[in-house]
Amino acid sequence: DVKVTQSSRYLVKRTGEKVFLECVQDMDHENMFWYRQDPGLGLRLIYFSYDVKMKEKGDIPEGYSVSREKKERFSLILESASTNQTSMYLCASSPDRGPSSGNTIYFGEGSWLTVV
Amino acid sequence: GENVGLHLPTLSVQEGDNSIINCAYSNSASDYFIWYKQESGKGPQFIIDIRSNMDKRQGQRVTVLLNKTVKHLSLQIAATQPGDSAVYFCAETPEPALIFGKGTTLSVSS
C-alpha cells in the first residue's frame, strides 16, 4: 500500500515563528502536493512538485514555500507564521503522468497547525 | 483556478437508504474525475474515479455518474451504512494536481 507520512499531526506555533511541515512517501512517486483544508473552503492547493528540486505554485502560495531535495520528501515552510495560517495541511503524492492516466493521488493523514 | 462545487454541504439519510451526492464542475477541459471520502481526523481516501469518455462507473456499493453536457458528477451509495458517514469530495484534473470541491458531509442515522 502507498504510504504518505506527515511526521507532525498536531502543532502549536507562535506568530512569526518559522514552521516546517514534513512529508515523506514510500512509493517512489514523482509528484507531491501540499493542500490546506479549511471549513467551508474544501482543499486548496498551495504548492506541488513534479520532480526533485522542481516546484510549482498552486492556488494559494502566498506565505508559503516548499523544498524538495529528495524524491521521497516534500517540505512545506511557513517563513513567518500568522494566525490566518491556522489550518489542516494535507500532503499527497502521485506517480508520474498524473491522475488522468489512472494514477490517483494518495493523501497523508494531515497536520493540524494552530498559530497563536 | 476553476471551481468544483457540490450542491449541498450536508446530507442526512437513514441506514439502508441510497445516498446521492452531487457535484458541478466548471472546467470543460477536465478529463478525469475522482470521488474522495474523508473521515474525521483522517486524510481523504480514494473511492472511485471516472474518465470523461465514460458516463457511468460502478464499484462496490458505489456508482459514479458523469454528465458532460451539464458538467455534473454524482456519487451514489447503495444501502448506506453508518460507516459511510464522512465528508465526500469530488475532484477534477487539470494535470498534475487535482482541484477539489468544498465537500458534502454525509450523516447516516440508524
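Everything numeric here is computed off the predicted structure, so don't read it as measured data.

Attention now goes to the overall build of chain B. Assigned secondary structure in chain B consists of zero helices and 11 strands. Helices and strands in chain B line up, N terminus first, as β-β-β-β-β-β-β-β-β-β-β. Radius of gyration (C-alpha) of chain B: 13 Å, near the 13 Å computed for a compact globule of 110 residues. Dimensions along the principal axes, computed over C-alpha positions, put chain B at roughly 40 × 25 × 20 Å. Taken over 110 residues, chain B has a buried fraction of 45%. At a minimum sequence separation of 6, the contacts of chain B that also span at least 24 residues come to 52%. If you sum the accessible surface of chain B, you get close to 5,200 Å²; carbon and sulfur atoms cover 47% of it. One finds the centroid of the 9 positive side-chain charges in chain B at a distance of 2 Å from the centroid of its 10 negative side-chain charges.

Counting its secondary structure elements, chain A contains zero helices and 12 strands. For chain A, the α and β elements follow one another from N to C terminus as β-β-β-β-β-β-β-β-β-β-β-β. Scaling as 2.2 N^0.38, a compact globule of 116 residues should have a C-alpha radius of gyration of about 13 Å, and chain A matches this with 13 Å. In terms of overall dimensions, chain A has a C-alpha envelope of 40 × 30 × 25 Å along the principal axes. Looking at chain A as a whole, 48% of its 116 residues are labelled buried. Working note: accessible area of chain A is about 5,600 Å², and carbon and sulfur atoms make up 49% of it. On chain A, the mean spot of the 15 positive side-chain charges and the mean spot of the 16 negative ones are 4 Å from each other.

So, about the pairing of strand β3 (residues 19–25) of chain B. Residue and element names in this part refer to chain B. Residues S19, I21, C23 and Y25 point to one face of β3 and are all buried, whereas I20, N22 and A24, pointing to the other face, are not buried. Examined bridge by bridge, β3 and strand β8 (residues 72–77) share six bridges and lie antiparallel to one another. If you follow I20 over to β8, its bridge partner there is Q76.

Here is what the cut-offs are and how they apply
Residues numbered from 1 in each chain as written. Chains lettered and ligands numbered in written order. Predicted model: local features only at pLDDT ≥ 70, side-chain atom pairs only at ≥ 80, totals over all residues. Heavy atoms only, no water. Helix = DSSP H or I, 4+ residues; strand = E, 2+ residues; numbered from the N terminus. Rg over C-alpha atoms; globule rule 2.2 N^0.38 Å. Buried < 20%, exposed > 50% of the residue type's maximum accessible area, 1.4 Å probe, protein only. Contact = heavy atoms within 4.5 Å. Areas by Shrake-Rupley, 256 points an atom, 1.4 Å probe, with all protein chains shown as cover. Lys, Arg positive; Asp, Glu negative; His and termini not counted. Charge placed at Lys NZ, Arg CZ, Asp CG, Glu CD. Pairing = 2+ DSSP bridges.

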